[in-house]
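Next come the chains, spelled out residue by residue.
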Amino acid sequence: MKPRSLSQLRKEAASCRACDLWERGTQTVFGAGPERAGLMLIGEQPGDREDLAGEPFVGPAGKLLDRALENAGLHRAGVYLTNVVKHFKWVPRGKRRIHEKPNAREIKACRPWLDGEIERVRPKAIVCLGATAAQALLGRDFRVSRERGEWIASELAPFVMATVHPASVLRSPDEATRHAEIERFFADILKASSVL
């Protein structure tokens, strides 16, 4: 059976009620990119700006990701960007909406959409951005701190690795650490680009 198209999956995901995140999210934030992208980047969940825009990786972390792609000779339009969870999970803090980590039930509820994206795009390389994405796809015992930037044997794609989420780089405690983490993040994306 031929996998459903990305437009079919996007339409179906928009009406998903498998968990309660749809009640607070502005909209479903489905993946974006070419149907046959060689590289798929998978994050945890949309953030505040992504939730409002309806597109993945458009906030500050997305801008850092764009810089990493450019450094690797890639362009956003040529890669597929998505998240494990398709709705923004947040808690109110004053007038702001603060990110809250999705739980196992919410990750499981969104898994059919992610599996559908992977099946349809069939990327040559997948990069999991952050622990939530890595553990959702590579197992609960996977540790980004231990296996960051290493190729992992997986049925998901010929080449699979994990690195930090660009949002974590932006939260570095000081300028020197931030600069070092940006360089490491750029190196991980460059390594992923080398197999395309």
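Residues numbered from 1 in each chain as written. Predicted model: local features only at pLDDT ≥ 70, side-chain atom pairs only at ≥ 80, totals over all residues. Heavy atoms only, no water.

1. Focus on the overall build of the protein
For clarity, the cut-off: In this description a helix means any DSSP run of H or I spanning at least four residues, a strand means any run of E spanning at least two, and both kinds are numbered starting from the N terminus. Throughout, the radius of gyration refers to the C-alpha atoms, and the reference size of a globule is 2.2 Å times the residue count to the power 0.38. We call a residue buried when its accessible area falls under 20% of the maximum for its residue type, exposed when it is over 50%, and partly exposed in between, using a 1.4 Å probe and counting protein chains only. The criterion used for residue contact is that any of the two residues' heavy atoms lie within 4.5 Å.
Within the protein, the secondary structure is distributed over eight helices and six strands. Listing every helix and strand of the protein by position from the N terminus yields α-β-α-α-β-β-β-α-β-α-α-β-α-α. A compact globule built from 196 residues would reach a C-alpha radius of gyration of about 16 Å, and the protein, at 16 Å, matches this within 12%. In terms of principal-axis extent, the alpha carbons of the protein reach across some 50 × 40 × 30 Å. Residues classed as buried in the protein amount to 50% of the 196 residues present. Here the contacts in the protein between residues at least 6 apart in sequence split such that 74% fall between residues at least 24 apart.

2. Details of the pairing of strand E2 (residues 80-83)
Definition in use: Pairs of strands are assigned from DSSP output, requiring at least two bridges between the strands.
Burial along E2 is two-sided: Tyr80 and Thr82 facing one way and Leu81 and Asn83 facing the other are all buried. Judged from the four bridges that link them, strand E1 (residues 39-43) and E2 form a sheet pairing that is parallel. Considered in E2, the bridge of Leu41 is made with Leu81.

3. Some remarks on the packing of aromatic side chains
For clarity, the threshold we go by: Two aromatic rings, drawn from Phe, Tyr or Trp (for Trp, its six-membered ring), form a pair once their centres lie within 6.5 Å of each other, and the interplanar angle then sorts them: stacked below 30 degrees, edge-to-face above 60, tilted otherwise. Both a distance and an angle decide whether a charge sits over a ring: NZ of Lys or CZ of Arg must be within 6 Å of the ring centre and within 35 degrees of the ring normal.
Per the counting criterion, the structure on display carries one aromatic pair. Ring centres of Trp151 and Phe159 lie 5.2 Å apart, and the angle between their planes is 65°; this geometry places the pair in the edge-to-face category. Among the residues examined, Trp151 registers a relative accessible area of 30% and is labelled partly exposed. The cationic tip of Lys86 hangs over the ring face of Phe30; the distance from NZ or CZ to the ring centre is 5.4 Å. Across from the ring centre of Trp90, 5.2 Å away, lies the NZ or CZ of Arg97, which sits over that ring.

4. A word on unusual backbone geometry
We note that Phe57 has phi near 55°; this positive angle belongs to a residue other than glycine. Note on placement: Phe57 falls in the loop between helix H2 (48-53) and helix H3 (60-71). You can call Phe57 buried: its relative accessible area is 4%. Phi at Arg122 is positive, roughly 50°, even though this residue is not glycine. When you line up the elements, Arg122 lands in the loop between helix H4 (104-121) and strand E5 (125-129).

5. Let's talk about the nonpolar core
Quick note on the threshold: Among buried residues, the Ala, Val, Leu, Ile, Met, Phe, Trp, Tyr and Cys ones that are joined through side-chain atoms within 4.5 Å form a nonpolar core.
If you look at the biggest cluster of nonpolar residues, it comprises 55 residues, and the most contacted ones within it are Leu39, Leu41, Ile42 and Phe185. The element contributing the most residues to this core is H4, with seven residues. Setting aside chain neighbours within four positions, we find Leu39 in contact with Leu69, Leu74, Val79, Tyr80, Pro123, Ala125, Val127, Ala192 and Leu196.

6. Considering the sheet that holds E1
Applied cut-off: Under this scheme, a helix contributes an axis fitted over its contacting stretch, all axes are lines through C-alpha atoms, and angles between N-to-C directions fall in the 0 to 180 degree range.
If you walk across this open sheet you meet the four strands as E2-E1-E5-E6, and the pairing is parallel. Because the sheet does not close on itself, it has two edges, and the strands there are E2 and strand E6 (159-163). When the angles between neighbouring strand axes are averaged without regard to direction, this sheet yields 20°. Two elements, E5 and E6, share five bridges in a ladder whose sense is parallel.

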